[in-house]
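Now for the letters of each chain:
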Amino acid sequence: MEVKSRLKSLVQVEKVTVREPGVIILTGPSSCGKGEVASALCRTLSIRPEAHLSMGEILRSTFRGAKEDPEFAELLASKYDLSSATNIFDCIDSSESLSAKVRSYQGELEKYFEKPNMDLFTSQLDWLEFCTMNGLLVPNRWTENFVAAHIEQARGTREESFILDGYPRTVRAAEHLLAFLESMNIPVLKVIHLSISREEMMARAQSRGRADDDDQSLVKRFQFYIENVQPSVDYMKTKLGSDRIALIDAHQPVFDDFPENKKFNLTESINNVVASVLRALGVPRVVLADLLYGKD
């Protein structure tokens, strides 16, 4: 009888670190899994959770901070022309299209804030909160300023790596972001472009059960991605070089086989996508199993 033995590794890689400080940009359509990928990158690349800057969290912290901190509210008003006392219909951001958009949500606004006559007065901060909590876009000036402010104020952005999740979403935003990062001497380490089909995006979004995830809204969101987000990635590719851009298939499903049916394995499916992202970042294949599964 022949006895076979396998040498077992005495070393397990639990974390790796990014070689130099800079930003990893995560972009893609709605519901492509940017948040899950960002969280996994924080765990595996020794990036502090606080260094994960998501567009949604940046906007949420802005309107919440304005409510809770009078000094922050004053900063928003004085430096960024954004105030709870300023009417969205009569301010630096006002336009016919923005006014029509705000008024089209009058019923929802009045129900959300329990205020009447919001077709006459809707404050900038009320509109910011409503858009953020309902997945709507806010004026470009706001996102540009908020992102820049958070990066500038975040602890250690020049000394450590951080993740920017869900931004930029337009060519204009990409231009502003790259110029700002250059002024701060913060290199773009990688742009991770997560890609899914329209059908997959709609299926994922509808499974969340959000009120604004109806077919018409989802089709509009995907069309916005095609017309705006993809060109912003192309712009960054032109400015940064193709080696700095990684297109990742964000739909890599895994199913567990059971006697009667197959069951979707969400954790393994996310790990597949994360493995692709880590390979794009230069993590050797030989350590991926340790990082994602804790196996030899």
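Up top you'll find the structure we're talking about.
Below you will find a few notes about this structure.

What counts, and at which threshold
Residues numbered from 1 in each chain as written. Predicted model: local features only at pLDDT ≥ 70, side-chain atom pairs only at ≥ 80, totals over all residues. Heavy atoms only, no water. Helix = DSSP H or I, 4+ residues; strand = E, 2+ residues; numbered from the N terminus. Patch = residues over 30% accessible without salt bridge, like charges linked within 9 Å, V, L, I, M, F, W, Y side chains within 5 Å. Areas by Shrake-Rupley, 256 points an atom, 1.4 Å probe, with all protein chains shown as cover. Salt bridge = Lys/Arg side-chain N within 4 Å of Asp/Glu carboxyl O. Buried < 20%, exposed > 50% of the residue type's maximum accessible area, 1.4 Å probe, protein only. Pairing = 2+ DSSP bridges. Axes fitted to C-alpha atoms, helices over the stretch in contact; angles between N-to-C directions. Lys, Arg positive; Asp, Glu negative; His and termini not counted. Polar contact = N/O pair within 3.5 Å; in protein donor to acceptor, adjacent residues only side chain to side chain. Contact = heavy atoms within 4.5 Å.

Right, let's get into unusual backbone geometry. Looking along the chain, the bond that leaves tyrosine 167 and enters proline 168 is cis, with omega of 10°. Structurally, proline 168 can be placed in the loop between strand 3 (162–165) and helix 8 (171–183). Within the chain, serine 31 stands out as a residue other than glycine whose phi angle is a positive 70°. With respect to the element layout, serine 31 can be found in the loop between strand 1 (23–27) and helix 1 (34–44).

Before going further, it helps to examine the environment of aspartate 214. Considering the arrangement of structural elements, one finds aspartate 214 in the loop between helix 9 (198–208) and helix 10 (215–240). Each C-alpha atom of the pair aspartate 214 and valine 23 lies 34 Å from the other, and the pair is 191 residues apart in sequence.

This next bit is on a nonpolar patch on the surface. On the surface, Phe255, Phe264 and Leu266 cluster together into a nonpolar patch covering about 310 Å² of accessible area. Examined against the element boundaries, phenylalanine 255 turns out to sit in strand 6 (residues 255–257). Judged by its relative accessible area of 45%, phenylalanine 255 is partly exposed.

Another point: the sheet that holds strand 4 (residues 188–195). One open sheet accounts for five strands, arranged 2-3-1-4-5; its pairing is parallel. On the outer flanks of this sheet lie strand 2 (52–54) and strand 5 (245–249), each paired with one strand and no other. Ignoring strand direction, the axes of neighbouring strands in this sheet form an average angle of 20°. Where strand 2 and strand 3 come together, three bridges link them in parallel fashion.

To continue, consider the side chain of lysine 190. In this fold, lysine 190 is placed in strand 4. For the buried lysine 190, no salt bridge exists, and the shortest N-O distance to an oppositely charged side chain is 6.3 Å, to aspartate 243. Side-chain polar atoms of lysine 190 contact the backbone oxygen of alanine 280, separated by 3.5 Å. Once residues within four sequence positions are removed from consideration, lysine 190 is found in contact with Val23, Ile24, Ile25, Asp243, Arg244, Ala246, Ala280 and Leu281.

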